[in-house]
Amino acid sequence: MTRLATALMAALAAPQGLAGSLPVPLSDADFATAPEAETRLGQLLFFDPILSGNRSISCATCHHPRFATGDGLSLGLGEGGIGLGPARRADPANPPERLIPRNAPPLFNMGAAGVTVLFADGRIETDASRPTGFRTPMEDEMVAGFANLLSAQTMFPVLSPDEMAGHYQENDVARAVRQGFITGPGGAWDRIAGRVAALPAYRTRFEAVYPEIAAGRPVAFTDISNAIAAFVAAEWRADDSAFDRALRGGPPLTGPAAEGQALFYGRAGCDACHSGPLLSDMGFHAMGAPQLGPGKVERFETGQADPGRFRVTGHAADAFAFRTSMLRNVTRTGPWGHAGGDTDLRAFLARHAAPQTGLARHPREAVLPHFDNPQPVWAVLDDPEARAAIEAAALPGPGLAADEIEALMAFLEALTDETALAGRLGIPDAVPSGLPVDR
């Protein structure tokens with residue numbers, strides 16, 4: 001009997017409710033709802049470049065439905081880039097300073113109630129002890145008014161010089177960010193909100209959605225964030241895959257997909273981290289994933305190794321640990337890994353299941369934009385000390401045979417939700433700013 005057949009038989013015999021059992025299905029109770037007027041307002045804002053410092057990049061530039069809510073790149077270009085997806089390139093008239101440090105994460109189920117941490121290092125998370133309900137790098141400067149965690153997340157890309165804000169000499173938003181003026185009158189958020197509120201088409205929509213604005217309160221950045229979050233949560237809710245339908249009592253998975261499910265919840269132990277209805281424990285684990293590009297480090301730091309969760313907690317145990325990804329539509333959201341270091345999902349699964357095998361043999365896969373990058377893309381893997389530190393932190397894995405990889409691939413394909421991939425409202429024909437919409 002093969003290892004795969006043994007795993008399948010053991011999983012099918014496992015009592016429900018014990019380790020290795022299937023999760024409860026997602027339901028409407030796991031997702032907040034918003035009025036259609038709010039989601040349509042959020043749709044316009046999501047695709048409108050007016051939120052970026054130079055009015056050249058929208059949220060959709062790096063999270064586009066054509067690329068399964070990502071950009072199809074290992075590491076993207078924000079400010080200073082032109083084009084979309086893998087065709088994106090540096091703007092000769094305004095070249096970027098560096099690549100985005102991490103892979104653009106997909107947006108499926110980001111608005112689900114079970115999502116308690118966001119970003120690969122979890123630098124935004126729910127925290128009932130804070131007045132705002134969230135812990136963020138803003139600490140005591142964090143303002144109230146963000147409706148949920150997803151809404152709070154949107155504040156960061158617009159403040160990043162490399163993502164959306166631009167650089168000091170280019171615009172008023174970037175100057176405010178550099179000077180540390182984020183909140184309050186004249187701060188970066190206030191300047192962005194002022195741009196939006198100055199457009200009658202937006203003002204009218206905000207007044208229709210939020211009674212306080214209709215009563216005379218100025219449009220705040222939190223209102224913009226709340227509308228975008230409402231759109232993202234509704235547009236890319238993903239709970240109608242073959243796996244989800246089976247959990248609700250529909251046709252069970254069969255053939256290789258069933259074998260892969262048995263492995264996932266059995267010998268392979270994937271559910272130890274990819275647990276619960278969202279297939280993520282919202283935890284952080286060091287898996288020896290390859291890093292490329294500049295890493296999430298400050299410009300003054302000499303090293304480039306991205307320490308992941310350690311940057312947030314300072315705990316040695318969190319070195320090179322990254323948030324467990326949710327897996328709906330995972331076969332469409334490559335490249336994979338926190339730095340997009342793998343373009344072949346089968347190879348990624350094999351290395352992910354045996355991270356202790358080391359990074360020295362990594363094939364140096366990457367999909368990168370056209371950019372004369374002054375920082376060596378593979379500097380970390382070429383540095384024996386940095387590479388050894390990443391490898392040493394990695395948890396051991398069971399290893400998988402070729403037939404087991406194929407079975408897991410079939411199961412992961414069964415996590416595809418075509419409705420979520422297509423989106424529900426789609427790309428707007430135009431936005432109130434009149435700026436170009438990425439298509």
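Residues numbered from 1 in each chain as written. Predicted model: local features only at pLDDT ≥ 70, side-chain atom pairs only at ≥ 80, totals over all residues. Heavy atoms only, no water.

For the protein chain, the name recorded in an unreviewed UniProt entry is Cytochrome c peroxidase, with Rhodovulum visakhapatnamense as its organism. What UniProt states about the protein chain under its Subcellular location (unreviewed entry) heading is, verbatim, "Cell envelope". (UniProt positions renumbered as here; feature names shortened; annotations may be inferred.)

Enquirer: Help me understand the environment of Gly340 in this model?
Expert: Structurally, the position occupied by Gly340 is in the loop between strand S7 (322-323) and helix H14 (345-353). Looking at Gly340, the relative accessible area reads 0%, which means it is buried. The spacing of Gly340 and Ser74 is 266 residues in sequence and 3.9 Å in space, taken between C-alpha atoms. Each residue touching Gly340, except ones within four places of it in the same chain, is listed here: Ser74, Asn103, Leu292, Pro335 and Glu365. (Helix = DSSP H or I, 4+ residues; strand = E, 2+ residues; numbered from the N terminus. Buried < 20%, exposed > 50% of the residue type's maximum accessible area, 1.4 Å probe, protein only. Contact = heavy atoms within 4.5 Å.)

Enquirer: Would you take a moment to explain the pattern of salt bridges for this structure?
Expert: Two side chains of opposite charge can pair, provided their charged atoms sit close to one another. A full pass over the atoms with the stated rule returns 25 salt bridges. The partner of Asp127 in a salt bridge is Arg130, and the shortest N-O contact between them spans 3.4 Å. One salt bridge connects Glu418 with Arg332, and the closest N-O pair in it is separated by 3.3 Å. In this pair, Glu418 sits in helix H18 (residues 418-422) while Arg332 sits in the loop between S7 and H14, placing the two residues 86 residues apart along the sequence. A residue is classified by how much of its surface remains accessible, and Arg332, at 34% relative accessible area, is partly exposed. (Salt bridge = Lys/Arg side-chain N within 4 Å of Asp/Glu carboxyl O.)

Enquirer: Please clarify how the domain arrangement of the protein chain should be interpreted in this entry.
Expert: By a frequent convention, interface size equals the accessible area lost on bringing the separate parts together. Each domain of the protein chain was delimited in the assignment, giving domain 1 (32-238) and domain 2 (246-418). Taking the mean C-alpha position of each, domain 1 and domain 2 sit 26 Å from one another. Across the contact, 40 residues belong to domain 1 and 38 residues belong to domain 2. The junction of domain 1 with domain 2 conceals about 3200 Å² of combined surface from both sides, 59% of it contributed by carbon and sulfur atoms. The tally of links between domain 1 and domain 2 comes to two salt bridges. The salt bridge partner of Arg102 is Asp306, with a shortest N-O separation of 2.8 Å. (Domains from an automatic or database assignment. Buried area = accessible area lost by both parts, 1.4 Å probe.)

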